[in-house]
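Overview (structure and organization)
Given next are the chains, with one letter for each unit.
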Amino acid sequence: MSEDVKSFGDLKTTLIKAKVVTPSGQASPDGIGKRDSKGRAYATGRRKDAVARVWVKPGTGKITINGKDEKVYFARPVLRMVLRQPLIAANRDGQFDVVVTVCGGGLSGQAGAVRHGISRALVNYEPALRVALKPGGFLTRDPRTVERKKYGRPKARRSFQFSKR
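Please read these numbers as outputs of a predicted model, since none were measured by experiment. Numbers given for residues are sequential positions, taken from 1 along each chain in its written order. Residues qualify for local features only when their pLDDT is at least 70, as the model is predicted, and side-chain atom pairs are given and counted only at 80 or more; totals for whole chains, interfaces and linings, by contrast, use all residues. Side-chain numbers come from the whole structure's heavy atoms, not from hydrogens or water.

In summary, the side chains of a regular strand alternate between the two faces of the sheet. As judged from the seven bridges shared by strand β3 (residues 41–47) and strand β4 (residues 50–58), these two strands associate in the antiparallel manner. The partner of glycine 45 across the bridge, within β4, is alanine 52. Strand pairing is defined by DSSP finding a minimum of two bridges between the two strands. The helix and strand labels rest on DSSP assignments: H or I over at least four residues marks a helix, E over at least two residues marks a strand, and numbering proceeds from the N terminus. Here β3 hands over to β4 after two residues, with lysine 48 in that stretch at a positive phi of 50°.

This is the structure:
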């Protein structure tokens, strides 16, 4: 089974091959992540009520969201900055084409979902990028959602105005 290693000299002679493990748990040879037949990596990102399906492939850096360019779909510069954060953190800005379909929620939630999806897709494409993306919090799904409305109240916590009369 395993060899007995009693000193550092024995450790040098013992050959230990490390395997890179993809998020699905499958061992990946040579650090290559999960890719489909077209060379794309897929991931799902979520934020609030928004869900984004993201495909990443090597290219010129073009981001397409629901068939539209990123500048058309996300007109506010802050939302476009949020999209590019994982690419900049991984030093891969301009190296990947990103195709996204996103639905649900508002624009801010959709931008956060796309950011989460891009981060996960980059890790699926190149597992070594996990070290660069994890400290920035790009791989963590933000669990905050809107609290549901309660019966007998106008909103989730708001009460009707009290009157003594």
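Time to look at the sheet that holds strand β7 (residues 96–103). Sheet strands associate in pairs through backbone hydrogen bonding, adopting either a parallel or an antiparallel arrangement. Here we have five strands laid out as an open sheet, ordered β3-β4-β7-β5-β6, and mixed in their pairing. Each having just a single partner strand, β3 and β6 (68–69) make up the two edges of the open sheet. Inspection of the sheet shows strand β5 (residues 63–65) paired to β6 by two bridges, in the antiparallel sense. By the bridge assignment for β6, isoleucine 65 is matched with lysine 68. It only takes one pair of heavy atoms within 4.5 Å for two residues to be counted as in contact. Each axis is a line fitted through C-alpha atoms, and for a helix only the stretch in contact is used; angles between axes span 0 to 180 degrees, taken between their N-to-C directions. Where helix α4 (residues 107–125) meets the sheet, it contacts β3, β4 and β7, and its direction lies at approximately 150° from that of β3.

Attention now moves to the pattern of salt bridges. Any carboxyl oxygen of Asp or Glu that lies within 4 Å of a side-chain nitrogen of Lys or Arg is treated as forming a salt bridge with it. In this structure the tally under the stated criterion is eight salt bridges. For aspartate 93, the salt bridge is made with arginine 84, and the minimal N-O distance between the two is 2.9 Å. Glutamate 147 is the partner of arginine 157 in a salt bridge, and the nearest nitrogen-oxygen pair spans 3.0 Å. Pair noted here: arginine 157 is in the segment after α5 (130–133) and glutamate 147 is in the segment after α5, with a separation of ten residues, a long-range link. Only protein chains enter the accessibility calculation, which uses a 1.4 Å probe. A residue is then buried if its area is under 20% of the maximum for its type, exposed if over 50%, and partly exposed in between. Overall, arginine 157 belongs to the exposed group, its relative accessible area being 65%. If you follow the salt bridges from partner to partner, you end up with Arg47, Asp142 and Arg144 in one network.

Ring geometry is summarised as follows: Phe, Tyr and Trp rings, the Trp one being its six-membered ring, pair when their centres sit within 6.5 Å, and such pairs are stacked at plane angles under 30 degrees, edge-to-face over 60 and tilted between the two. Within this structure, the stated rule accounts for three aromatic pairs. Ring centres of tyrosine 42 and tryptophan 55 lie 5.1 Å apart, and the angle between their planes is 45°; this geometry places the pair in the tilted category. Placement of tyrosine 42 in strand β3 and of tryptophan 55 in strand β4 is noted, with a sequence separation of 13 residues between them. Classification of tyrosine 42 by relative accessible area gives partly exposed; the value is 36%. The partly exposed category is assigned to tryptophan 55, whose relative accessible area is 21%. Between the aromatic rings of tyrosine 73 and phenylalanine 74, the centroid separation amounts to 5.0 Å while the plane-to-plane angle is 85°, which identifies the pairing as edge-to-face. Here tyrosine 73 matches phenylalanine 74 in class, with each residue buried. The cationic tip of arginine 35 hangs over the ring face of tyrosine 125; the distance from NZ or CZ to the ring centre is 3.7 Å. By the criterion adopted, a ring carries a charge over it if an Arg CZ or a Lys NZ lies within 6 Å of its centre and within 35 degrees of its normal.

Let us look at the nonpolar core. Among the buried residues, those of types Ala, Val, Leu, Ile, Met, Phe, Trp, Tyr and Cys that are joined through side-chain atoms within 4.5 Å form a nonpolar core. If you look at the biggest cluster of nonpolar residues, it comprises 31 residues, and the most contacted ones within it are Val54, Ile65, Val100, Leu122 and Leu133. At eight residues, the largest contribution of residues to this core is made by α4. Contacts of leucine 133, omitting those with residues within four sequence positions, involve Pro86, Ala89, Ala90, Ser119, Leu122, Val123, Phe138 and Leu139.

On to a positive patch on the surface, then. Patches in this entry comprise residues that are over 30% relatively accessible and not in a salt bridge; like charges within 9 Å are linked, as are nonpolar side chains (Val, Leu, Ile, Met, Phe, Trp, Tyr) within 5 Å. Using the Shrake-Rupley algorithm and a 1.4 Å probe, accessible areas are obtained, with residue cover drawn only from the displayed protein chains. All tallies of charge rest on Lys and Arg as positive and Asp and Glu as negative; His and the ends of each chain are not included. To locate a charge, take atom NZ for lysine, CZ for arginine, CG for aspartate or CD for glutamate. A cluster of like positive charges, contributed by Lys34, Arg46, Arg120 and Arg141, occupies part of the molecular surface. Looking at where arginine 141 falls in the secondary structure, it is placed in the segment after α5. Relative accessible area serves as the criterion here: at 31%, arginine 141 is assigned to the partly exposed category.

Moving on, we get to the side chain of threonine 64. You can see threonine 64 is positioned in strand β5. Overall, the relative accessible area of 19% leaves threonine 64 in the buried class. Apart from the residues within four sequence positions on either side, threonine 64 is in contact with Val98, Val99 and Val100.

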